[in-house]
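Breakdown of the fold
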Amino acid sequence: MDRVADIDKAIGAHTRWMSQLRETVLEAHPGIELETIRAADQCEFGKWLEGTSWSAEDRISDDYQEVRRLHAEFHELAAQVVELAASGKKNEAYGMFYCEYVTLSGRLALTLRTWQDRLSRAAR
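Since the model is a prediction, treat every value here as computed from it, not as a measurement.

Calculation rules
Residues numbered from 1 in each chain as written. Predicted model: local features only at pLDDT ≥ 70, side-chain atom pairs only at ≥ 80, totals over all residues. Heavy atoms only, no water. Helix = DSSP H or I, 4+ residues; strand = E, 2+ residues; numbered from the N terminus. Rg over C-alpha atoms; globule rule 2.2 N^0.38 Å. Buried < 20%, exposed > 50% of the residue type's maximum accessible area, 1.4 Å probe, protein only. Contact = heavy atoms within 4.5 Å. Areas by Shrake-Rupley, 256 points an atom, 1.4 Å probe, with all protein chains shown as cover. Lys, Arg positive; Asp, Glu negative; His and termini not counted. Charge placed at Lys NZ, Arg CZ, Asp CG, Glu CD. Salt bridge = Lys/Arg side-chain N within 4 Å of Asp/Glu carboxyl O. Expected span 1.5 Å × (residues − 1). Core = buried A, V, L, I, M, F, W, Y, C linked by side-chain atoms within 4.5 Å. Phe/Tyr/Trp six-rings, centres within 6.5 Å; stacked < 30°, edge-to-face > 60°.

The secondary structure content of the protein amounts to six helices and zero strands. In sequence order, the secondary structure elements of the protein are arranged as α-α-α-α-α-α. Taking 124 residues into account, the globule formula puts the C-alpha radius of gyration at 14 Å, and the protein, at 15 Å, falls close to it. Principal-axis analysis of the C-alpha atoms places the extent of the protein at approximately 50 × 25 × 20 Å. In the protein, which comprises 124 residues, the proportion classed as buried is 40%. Relative to all contacts within the protein whose residues are 6 or more apart in sequence, the contacts with residues 24 or more apart total 77%. For the protein, the accessible area works out to roughly 7000 Å², and carbon and sulfur atoms hold 52% of it. Taken as two groups, the 16 positive and 21 negative side-chain charges of the protein have centres that lie 3 Å from each other.

So, on to the pattern of salt bridges. What the rule picks out here adds up to 10 salt bridges. In this structure, the salt-bridge partner of Glu23 is Arg22, at a minimum N-O distance of 3.0 Å. Exposure remark for Arg22: the relative accessible area of 32% places this residue in the partly exposed category. The residue Glu76 makes a salt bridge to Arg38 at a minimum N-O spacing of 2.8 Å. Taken together, the positions of Glu76 in helix 5 (residues 62-86) and Arg38 in helix 2 (residues 34-38) put the pair 38 residues apart, joining distant regions of the chain.

Over its 25 residues, helix 1 (residues 3-27) runs 36 Å from end to end, which matches the ideal 36 Å to within 8%, given 1.5 Å per residue. Three or more residues of helix 1 are buried, namely Asp6, Ile7, Ala10, Ile11, Ala13, His14, Trp17, Met18, Leu21 and Val25.

With 36 residues, the main nonpolar core has Trp17, Phe45, Trp48, Tyr101, Leu112 and Trp115 as its most contacted residues. Elements with a contribution of two residues or more to this core: helix 1, helix 2, helix 3 (44-50), helix 5 and helix 6 (90-123). Here this core gets 12 residues from one element, more than from any other, and that element is helix 5. Excluding residues within four positions of it along the chain, Leu112 makes contact with Ile7, Ile11, Phe45 and Val67.

Applying the stated rule across the entire model yields 11 aromatic pairs. An aromatic cluster of three or more residues is present, and its members are Trp17, Phe74, Tyr94, Phe97, Tyr98 and Tyr101.

If you want it as structure tokens, here you go:
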């Protein structure tokens, strides 16, 4: 298991999910399953984060906890964006997507890179 490389894969999964969300905003309709979007443990990234790759020690680390918190916040904000779009407020949804959502995504990616750097230094 190479956790440093796994973080690269996780960032890729996160980027793909964001792209899919952007498409969901375009196609959003009333009745869309917001709970599915809100579920931080159901996307590829969330399954990796909650999976068996991490020891009990890893899970209590500040890095893991911060990534987990930001990821959950990311999904909550995604649900808000889609809810706006589904209610016919697509301009507001895009505003939230390209401001708060993209900013939060960047914070998550930077936190992942910091964690990755720490893991890489610890492995040396």
